[in-house]
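Next come the chains, spelled out residue by residue.
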Amino acid sequence: MSHPLIITCAITGAETTKEKQPYLPVTPREQALAAEEAVKAGASVIHLHVREDDGKPSQRPERFEEAIRAIRERVPSAIIQISTGGAVGESIENRARPLTLKPEMASLNLGTMNFGDEVFFNHPRDIVGLAARMHQNGVLPELEVYEAGMLEAAFRLAKQGILREPFHFQFVLGVPGGMSGEPRNLFHMISLLESYGARDSHWGVAGVGRYQLPLAVQAVVLGGHVRVGFEDNIFYNKGVLATSNAQLVERVARLSRELGREVATPEVARKLLGLK
Ligand code: KMH
Ligand code: ZN
């Protein structure tokens, strides 16, 4: 089959709470343990949000530094991708601050949308600003797209010299306000990508809630990559909470191998993503 599967684990997120998912890792130590288990289970990229001691989402670089140090101690090979999306309502200045830590990767959200009952603002000027800071700091952007117009925006930004191909897209499907996680929407995204002739670009899919598992399986078969984790989904099966992020990773890794597709180690993922 195609190239090895990169599994990203979004271990914490900004919206999930311990009340809803008691195994949610929030302290640096918990996040380090969760990252280690996830990598052992087959993840190569850790998508990272951090929290303050009271559990509130944070974009403080000091807090990211602590979490990254703790993760590095336990699992030095992991590719760490920090979030510049933060929580809904966070200022763009704060969202950009952790880029000074020069992580290997960071998320870059390509448009404004309704996000559940709230609005996730991504002003064109701020997208350009974040992209420039990532470029200056040698950070590979993962392009977060929640609907087809955002995918098209990436190619517009490339024409303007603001983004550079090959892209690494994450199709985040199932957020109320964005595209749902129905197969036709994933197919539409893939066919759009093909229409741009972006052969060297990669895509992954992060299915939200009940879409996580079916979209993961579709991505495995279609040659995409997969994101799982408590940021997007807290359940293992309908009504049954997962007991760790690693449990979600392990299932996708197992299914992928069963379907004849190898799972990328962090070293292999670095090669696929063009990271040094
Ligand atoms: N928390 C969401 C509003 C990202 O990490 O870049 C945005 C988000 C995307 O989680
Ligand atoms: Zn995120």
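The rules behind these values
Residues numbered from 1 in each chain as written. Chains lettered and ligands numbered in written order. Predicted model: local features only at pLDDT ≥ 70, side-chain atom pairs only at ≥ 80, totals over all residues. Heavy atoms only, no water. Patch = residues over 30% accessible without salt bridge, like charges linked within 9 Å, V, L, I, M, F, W, Y side chains within 5 Å. Areas by Shrake-Rupley, 256 points an atom, 1.4 Å probe, with all protein chains shown as cover. Salt bridge = Lys/Arg side-chain N within 4 Å of Asp/Glu carboxyl O. Helix = DSSP H or I, 4+ residues; strand = E, 2+ residues; numbered from the N terminus. Buried < 20%, exposed > 50% of the residue type's maximum accessible area, 1.4 Å probe, protein only. Expected span 1.5 Å × (residues − 1). Arc of directions from axis to C-beta. Contact = heavy atoms within 4.5 Å. Donors = N, O, S within 2.8 Å, 3.2 Å for Na, K, Ca; no water. Near = heavy atom within 4 Å. Polar contact = N/O pair within 3.5 Å; in protein donor to acceptor, adjacent residues only side chain to side chain. Nonpolar A, V, L, I, M, F, W, Y, C, P; charged D, E, K, R; others polar. Axes fitted to C-alpha atoms, helices over the stretch in contact; angles between N-to-C directions. Left-handed = near helix turned anticlockwise from the far one by under 90°. Core = buried A, V, L, I, M, F, W, Y, C linked by side-chain atoms within 4.5 Å. Pairing = 2+ DSSP bridges. Phe/Tyr/Trp six-rings, centres within 6.5 Å; stacked < 30°, edge-to-face > 60°. Lys NZ or Arg CZ within 6 Å of the ring centre and 35° of its normal.

Trainee: Lay out a nonpolar patch on the surface in plain terms, naming residues and giving numbers.
Mentor: On the surface, F187, V217, V221, L222 and L259 cluster together to form a nonpolar patch covering roughly 400 Å² of accessible area. With three residues, the top contributor of residues to the nonpolar patch is helix α7 (residues 212-222). When you line up the elements, L222 lands in helix α7. On the accessibility criterion, L222 (38% relative accessible area) is partly exposed.

Trainee: I'd like to hear about helix α6 (residues 183-195), residue by residue, with values.
Mentor: Between its terminal C-alpha atoms α6 stretches 18 Å, which fits the 18 Å expected from 13 residues at 1.5 Å a residue. Among all positions of α6, only N185, L186, M189, I190, L192 and L193 are buried. On an axial view of α6, the arc spanned by its buried residues comes to 155 degrees, and they lie on one face. Set apart from the buried face of α6 by more than 90 degrees, the exposed residues are R184, E194 and S195. As for α6, its buried residues are in contact with β9 (140-145), α5 (148-159), β10 (168-173), β11 (202-207) and α7.

Trainee: Kindly report on the coordination of the zinc ion (ligand 2), identifying the contributing residues and their values.
Mentor: For the zinc ion (ligand 2), every protein donor is listed as H47 (NE2), H49 (NE2) and E231 (OE), and the spread of their distances is 2.1 to 2.2 Å. One chain supplies every donor for the zinc ion (ligand 2), spaced along it as H-x1-H-x181-E. Of the two residues, H47 sits in strand β2 (residues 45-48) while E231 sits in the loop between β12 (225-228) and β13 (235-237), which places them 184 residues apart along the sequence. H47 gets classed as buried once you look at its relative accessible area, which sits at 2%.

Trainee: Lay out the site of ligand 1 in plain terms, naming residues and giving numbers.
Mentor: By nearness alone, 14 residues border ligand 1, and E15, S83, G86, S107 and N109 come closest of all. Take G85: an N or O atom from its main chain is 3.3 Å from an oxygen atom of ligand 1. Here the shell around ligand 1 is built from residues that sort into five nonpolar, seven polar and two charged.

Trainee: Talk me through unusual backbone geometry; I want residue IDs and the actual numbers.
Mentor: Residue P166 is bonded to the preceding E165 through a cis peptide linkage, with omega at 0 degrees. Structurally, P166 can be placed in the loop between α5 and β10. Even without glycine at this site, K102 takes up a positive phi of about 50 degrees. With respect to the helices and strands, K102 occurs in the loop between α3 (92-96) and β6 (105-109). Taking relative accessible area as the criterion, K102 reaches 52% and is therefore assigned exposed.

Trainee: Outline the packing of α7 against helix α8 (residues 245-258), listing residues and values.
Mentor: Look at α7 against α8: their axes get within 10 Å of each other, and the N-to-C directions meet at 35 degrees. As for how α7 packs across α8, the hand of that crossing is right-handed. Within the contact between the two elements, α7 uses Q212, L213, A216, V217 and V220 and α8 uses L248, R251, V252, L255 and S256.

Trainee: Summarise the nonpolar core; cite the residues concerned and give the values.
Mentor: The nonpolar side chains of a soluble globular protein tend to be buried with one another. Counting residues in each nonpolar core, the largest one holds 79 residues, and the members touching the most others are L48, L108, L110, L163, F169, F171 and W203. Once residues lying within four places of it in the same chain are set aside, the contact partners of F171 are V145, L151, L186, M189, L193, W203, G204, V205 and A206. Counting nine residues, the second largest nonpolar core, distinct from the first, contains V45, I79, M105 and L275.

Trainee: Help me get a handle on the sheet that holds strand β5 (residues 79-82), residues and values and all.
Mentor: Reading around the circumference, β1-β2-β5-β6-β9-β10-β11-β12 is the order of the eight strands in this closed barrel, with parallel pairing throughout. Averaged over all adjacent pairs, the angle separating strand axes in this sheet is 25 degrees, with direction ignored. Of the pairings in the sheet, the one linking β2 to β5 comprises four bridges and is parallel in character. Considered in β5, the bridge of H47 is made with Q81.

Trainee: Describe the packing of aromatic side chains, listing the residues and the values that go with them.
Mentor: Under the criterion given, the structure shown has nine aromatic pairs. Relative to Y146, the ring of F115 lies with its centre 6.3 Å away and its plane at 75 degrees, an arrangement referred to as edge-to-face. With F115 in strand β7 (residues 113-115) and Y146 in the loop between β9 and α5, this residue pair connects regions lying 31 residues apart in the sequence. For the ring pair F171 and W203, a centre distance of 5.7 Å and an interplane angle of 15 degrees mean the geometry is stacked. Taken together, the residues F171 in strand β10 and W203 in strand β11 connect sequence positions 32 residues apart. An identical accessibility class is assigned to F171 and W203; each is buried. It is R251 that lies over the ring of Y236; its NZ or CZ is 3.8 Å from the centre.

Keep in mind that these numbers describe shape and distance, not what the molecule does.
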